[in-house]
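Analysis of the macromolecular model
Below are the chains, spelled out letter by letter.
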Amino acid sequence: MKIKYDLLKIEKNTKARRGKLHTNYGTYDTPMFMPVGTLANVKTLTPEELKEMHSAVILSNTYHLWLRPGADIVQKAGGLHQFMHYDGPILTDSGGFQVFSLAKNKKKDIVEEGVHFKSHLDGKSLFLTPELSIEIQNKLDSDIAMSFDECPPASASYDYLKNSVERTLRWAKRGKDVHSNERQSLFGIVQGGAYEDLRKFSAMETVKMDFDGYSIGGVANDGESKEDMYKAIDYSIPYLPEDKPRYLMGVGEPVDIIEGVIRGVDLFDCVLPTRIARHGNAFTRHGKINMRNAKYKEDFEPIEKNCDCYACKNYSKAYIRHLVVCNESLGGRLLSIHNIRFLIRLTEELRQAIEEDRLLEYRNQFIQDYIQEK
């Protein structure tokens, strides 16, 4: 079935929403953080561990799975759920962001038909179109597919962004016209940088195509300021329907998630929790901490005393630091478990704050406590 969204409550002091997302694999609460499993695996973690963290939707990526192992292989395995043994909902990114960020030497040729670029793996010439992106996602059989869009850099001019938005709209229609997986939902993507008129135009024209959900794209680009990110959300949200989910792409900093929820966003994803874990860092209520720091050598407390994740229930900072400095892979695994659970717990607490109409109070206290360790 297509995903369905039920709006349960709008917080009285903000635009924040409590909702239910109905999927082929159950019904889940929003706001929600979605861990990223780019190559059909959330790095170093098993599906069972993700479920223990109360994970719901997870992400995989069209571009990467197109290159390895190939969409036909995944289809022969029975689709992504069977291939990776995950019995929860899966969202596939269209590959657009990767084409524009990972292409070999970042050289690409954008034409009306699609994008010519070189593989980041071996330099092979590739050509990805809106139709091919959807065809690959149909074969992957994810629960939610994404439209293929252009992802301009944060430094792009107004005129470039205007042309890019118009092209993305044409690509969205082409992708929707060939979408053929009846079990799979398709989301449209709103672009337009930090320009109010472009965001409004992009949102209104995308909504006219009647997608199953809507994403706010172009907000996790290199060089973009927090102010521009929040503008992009503020300029997009008023034109998105209340009865469909809203997804802010590529955002995983805790404060940014809170600010996104306040502005009316339902879904978030980011590679950040596993990426910083691989570098020995952990989220805490008092900011990120670097487990390589010598002060944790004899710290036999958990990363956070009130955290219910497997890592915090069983291991000390001293032990995890030992693993990290010795380059033992278990260190990164334990930090990944903690970091993902941290962001999922954050959204659980945000849902409770919305229910109790105290979201701004929650935000202010969180920011007061969240002091980045130097």
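Rules and cut-offs
- Residues numbered from 1 in each chain as written.
- Predicted model: local features only at pLDDT ≥ 70, side-chain atom pairs only at ≥ 80, totals over all residues.
- Heavy atoms only, no water.
- Axes fitted to C-alpha atoms, helices over the stretch in contact; angles between N-to-C directions.
- Helix = DSSP H or I, 4+ residues; strand = E, 2+ residues; numbered from the N terminus.
- Parallel < 35°, antiparallel > 145°, perpendicular 65-115°, else oblique.
- Left-handed = near helix turned anticlockwise from the far one by under 90°.
- Contact = heavy atoms within 4.5 Å.
- Buried < 20%, exposed > 50% of the residue type's maximum accessible area, 1.4 Å probe, protein only.
- Polar contact = N/O pair within 3.5 Å; in protein donor to acceptor, adjacent residues only side chain to side chain.
- Pairing = 2+ DSSP bridges.
- Nonpolar A, V, L, I, M, F, W, Y, C, P; charged D, E, K, R; others polar.
- Expected span 1.5 Å × (residues − 1).
- Patch = residues over 30% accessible without salt bridge, like charges linked within 9 Å, V, L, I, M, F, W, Y side chains within 5 Å.
- Areas by Shrake-Rupley, 256 points an atom, 1.4 Å probe, with all protein chains shown as cover.
- Salt bridge = Lys/Arg side-chain N within 4 Å of Asp/Glu carboxyl O.
- Lys, Arg positive; Asp, Glu negative; His and termini not counted.
- Charge placed at Lys NZ, Arg CZ, Asp CG, Glu CD.
- Phe/Tyr/Trp six-rings, centres within 6.5 Å; stacked < 30°, edge-to-face > 60°.
- Lys NZ or Arg CZ within 6 Å of the ring centre and 35° of its normal.
- Arc of directions from axis to C-beta.

Points about the packing of helix α13 (residues 317-325) against helix α14 (residues 329-355)
- Running from N to C, α13 and α14 point in directions that differ by 130°, and their axes come no closer than 6 Å. In terms of orientation, α13 and α14 fall into the oblique class. Relative to α14, α13 is oriented so that their crossing is left-handed. On α14, the residues touching Y319, I320, L323 and V324 of α13 are L330, G331, L334 and L335.

Quick notes on the environment of R285
- Along the chain, R285 turns up in the loop between β15 (281-282) and β16 (289-290).
- Of the residues examined, R285 reaches a relative accessible area of 16% and is grouped as buried.
- C-alpha separation for the pair R285 and K305, spaced 20 residues apart in sequence, amounts to 11 Å.
- One polar contact links R285 to E349, side chain to side chain, over a distance of 2.9 Å.

Examining the sheet that holds strand β3 (residues 26-30)
- Strand order in this open sheet of three strands is β1-β2-β3, and the pairing throughout is antiparallel. What marks the edges here is a single partner per strand, and that holds for β1 (4-10) and β3. Strand-to-strand twist across the sheet, computed as the mean angle between neighbouring axes with direction ignored, equals 20°.
- One ladder, built from six bridges, connects β1 with strand β2 (residues 17-23); its direction is antiparallel. Directly across from L7, in β2, lies its bridge partner G19.
- Of the strands in this sheet, β1, β2 and β3 are in contact with α14, which crosses β2 at around 125°.

Let's talk about the packing of helix α10 (residues 254-262) against helix α15 (residues 359-369)
- Interhelical geometry of α10 versus α15 gives an angle of 165° and a closest axis separation of 11 Å. In terms of orientation, α10 lies roughly antiparallel with respect to α15. Along this stretch, α10 crosses α15, giving a crossing that reads as left-handed. Residues P254, V255, I258, E259, V261 and I262 of α10 form the contact with α15, whose own contacting residues are L359, L360, Y362, R363, F366 and I367.
- For the contact of α10 with α15, a count of residues per class yields 10 nonpolar, no polar and two charged.

A word on the pairing of strand β4 (residues 32-35)
- Judged by which residues are buried, β4 turns out to be covered on both faces: M32 and M34 on one side and F33 and P35 on the other are all buried.
- Looking at chain direction, β4 and strand β14 (residues 267-270) are connected through four bridges and run parallel. For M32, the partnering residue across the bridge sits in β14 and is L267.

Some words on helix α8 (residues 196-208)
- Its 13 residues place the ends of α8 18 Å apart at the C-alpha level, agreeing with the 18 Å of an ideal helix rising 1.5 Å per residue.
- Those residues of α8 that are buried lie in contact with α7 (158-178), β11 (185-190), β12 (213-216) and α9 (226-236).
- Positioned one or two residues after α8, D210 has a phi angle of 60°, which is positive.

Concerning a positive patch on the surface
- A grouping of K43, R68, R275 and R278 is seen on the molecular surface, where their side chains present a positively charged patch.
- Within the secondary structure layout, K43 lies in the loop between β4 and α1 (47-52).
- Look at K43 and you get partly exposed, because its relative accessible area is 38%.

Details of the environment of M291
- Along the chain, the position of M291 falls in the loop between β16 and α12 (310-314).
- Looking at M291, the relative accessible area reads 0%, which means it is buried.
- Each C-alpha atom of the pair M291 and R321 lies 5.2 Å from the other, and the pair is 30 residues apart in sequence.
- Among residues more than four places away in sequence, those in contact with M291 are G280, Y296, K317, I320, R321 and L335.

Quick word on the packing of aromatic side chains
- Scanning the model with the defined rule gives nine aromatic pairs in all.
- Taken together, the ring pairs connect Y310, Y315 and Y319 into an aromatic cluster.
- The ring centre of Y86 lies 5.4 Å from the NZ or CZ of K51, which sits over that ring.
- Looking at K176, its charged tip hangs above the ring of F211, at a distance of 5.9 Å from the centre.

Looking at α15
- All of the buried residues in α15 are L359, Y362, R363 and F366. Down the axis of α15, the buried side of the element spans an arc of 100°, and every buried residue falls inside it. When the buried face of α15 is taken as reference, the exposed residues oriented beyond 90 degrees from it are E361 and Q368.
- As for α15, its buried residues are in contact with α10 and α14.

No statement about biological role is implied by the geometric values presented.
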